[in-house]
Number of protein chains: 2
Amino acid sequence: MAGQRAERADAARNRRAVLHATEQLLAEGGGDRVSLDRVATLAGVGKGTVFRRFGNRAGLLQALLEERSRELREAVTDGAPPLGPGAPAPERLLAFLDGLGAIAEGNAVLLSAHEQACAEDKYGDPSYRFWHGHLSGLLAASRPDLDAGFLAHALLSVFDGDLIRHLTPPGDPRRFTRSVQQMATALLGQG
Amino acid sequence: MAGQRAERADAARNRRAVLHATEQLLAEGGGDRVSLDRVATLAGVGKGTVFRRFGNRAGLLQALLEERSRELREAVTDGAPPLGPGAPAPERLLAFLDGLGAIAEGNAVLLSAHEQACAEDKYGDPSYRFWHGHLSGLLAASRPDLDAGFLAHALLSVFDGDLIRHLTPPGDPRRFTRSVQQMATALLGQG
DNA sequence: GGGAAATCCGGACTGTCAGTCCGGATAGCG
DNA sequence: CGCTATCCGGACTGACAGTCCGGATTTCCC
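Residues numbered from 1 in each chain as written. Chains lettered and ligands numbered in written order. Predicted model: local features only at pLDDT ≥ 70, side-chain atom pairs only at ≥ 80, totals over all residues.

*Asks:* Explain the interface of chain B and chain A here, please?
*Replies:* Frequently, the measure chosen for interface size is the accessible area that the parts lose on association. With 24 residues of chain B at the contact, the number on the chain A side is 24 residues. When contributions to the side of chain B that touches chain A are tallied by element, the ones reaching two or more residues are helix H8 (148-157), helix H9 (161-167) and helix H10 (175-187) of chain B. (Contact = placed C-beta atoms within 7 Å. Helix = DSSP H or I, 4+ residues; strand = E, 2+ residues; numbered from the N terminus.)

*Asks:* When you look at the protein's contact with DNA strand C in this model, what are you seeing that I'm missing?
*Replies:* Contacts to DNA strand C come from 23 residues, most closely from Gly46(A), Gly48(A), Ala9(B), Gly48(B) and Asn56(B). Of all the secondary structure elements, the ones that give two or more residues to the surface near DNA strand C are helix H1 (9-28) and helix H3 (47-54) of chain A together with helix H1 (9-28), helix H2 (36-43) and helix H3 (47-54) of chain B. Here the surface near DNA strand C gets four residues from one element, more than from any other, and that element is H3(A). A per-class count over the surface near DNA strand C returns five nonpolar, seven polar and 11 charged. (Near = placed C-beta within 6 Å. Nonpolar A, V, L, I, M, F, W, Y, C, P; charged D, E, K, R; others polar.)

*Asks:* Honestly, the packing of helix H5 (residues 89-106) of chain A against helix H7 (residues 126-142) of chain A in this entry has me stumped. Any pointers?
*Replies:* In helix packing, the relevant descriptors are the interaxial angle and the interaxial distance, both defined with respect to the helix axes. All names here are of chain A. The contact between H5 and H7 brings their axes to 8 Å, and the two run at 150°. Judged on the interaxial angle alone, H7 and H5 are roughly antiparallel. Both H5 and H7 take part in a crossing whose hand is left-handed. Contacts from Ala89, Pro90, Arg92, Leu93, Phe96 and Leu100 of H5 reach H7 at Trp131, His134, Leu138, Ala141 and Ser142. (Axes fitted to C-alpha atoms, helices over the stretch in contact; angles between N-to-C directions. Parallel < 35°, antiparallel > 145°, perpendicular 65-115°, else oblique. Left-handed = near helix turned anticlockwise from the far one by under 90°.)

*Asks:* What is the right way to read the packing of helix H4 (residues 57-78) of chain A against H5(A) from this model?
*Replies:* All names here are of chain A. Relative to each other, H4 and H5 sit at 175°, their axes nearing to 10 Å. The pairing of H4 with H5 is recorded here as roughly antiparallel in orientation. Together, Arg68, Ser69, Leu72, Ala75 and Val76 of H4 and Phe96, Gly99, Leu100 and Ile103 of H5 make up the contact between the two elements. Per-class residue counts for the contact of H4 with H5 are six nonpolar, two polar and one charged.

Below, the structure is given as structure tokens:
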């Protein structure tokens, strides 16, 4: 194992350029403006480079998503309560939904594009499995009588980019998150 | 309005052939085997015919889905309780979820393909709006304190072809439906 | 500082697909 | 039986994901 030489400087530079170009295209046009040709051109890089770095379209978007959610992931595993370990499960759950909601609301277009690209194995994606595992644990701790695994899928299924855009009015960017939290509260039986 | 001459016999025949070919391709290969070229070829029809009838890929899949769910739609508006009007809202809700679940479980591949094709306006689709309206009403009647519109979206978001396949073990085809019903029961606060 | 070898780059190339278009065929009507 | 609205089919376009390899860079070691 290992032996892994460090990434070459030009490779690293290009990776940043590609990610940045992707963000830019996502921001300016819809998710459908993000063809890998365009990404490569805007990044000032060949198409092959994009694929070598990220494997495919899904990998590219996943990398971006991963970047946007790393902080939450760390807060959830190692951070202070109520996000991190230590707080009672229902509180942690609401805090987690708040964090995930904020990311989703801020990246709805990226979310849509990622869902579209993932196609077949959205549920195998490591990121998804992490969120699912975390939610699952919290739900099981709060309501051992329910099917926590299923409910975790159900809660996550609501984090759909299109739905979020559909439900977020201008001027109330956190409305979606509040709705999700209300739903979770109702599920926990304190509604 | 109207004046609409009846559909020509060859046109009707071809429409059936196309729908049938689509079913067949969905059944034998994954949803990705259903390119409109292939559908046309298998139906023994030109590609133009497929597009003239159904507008685009999404329209074709929607037509198939519509066909599979017409019965439920009618039962819900005009049928006998507990599906139709008359029964208490919570009962109607569970009956409705049972019916929708059955359709979804039996057409998971079609569902996935449709979601994939709809892309941008899944939430404008008349079929979606009907289910959403119905669910919304039942939820509002059962739990006026919650955000029924959002919960209806949340319940529907779980009807994802990939998720259903992911959660349906061989030998227990109704497991998904039961989980959804359990969730709805919990939301209604009788869990 | 210099040279060899691993690593990376770029863009031309392939195969596929959704969707368009129009000359020619056909059904339905009188 | 003939006329016209309607429909048919498949060639055509444009766009995209993903592959491939000759040539350029970088890094490592001396």
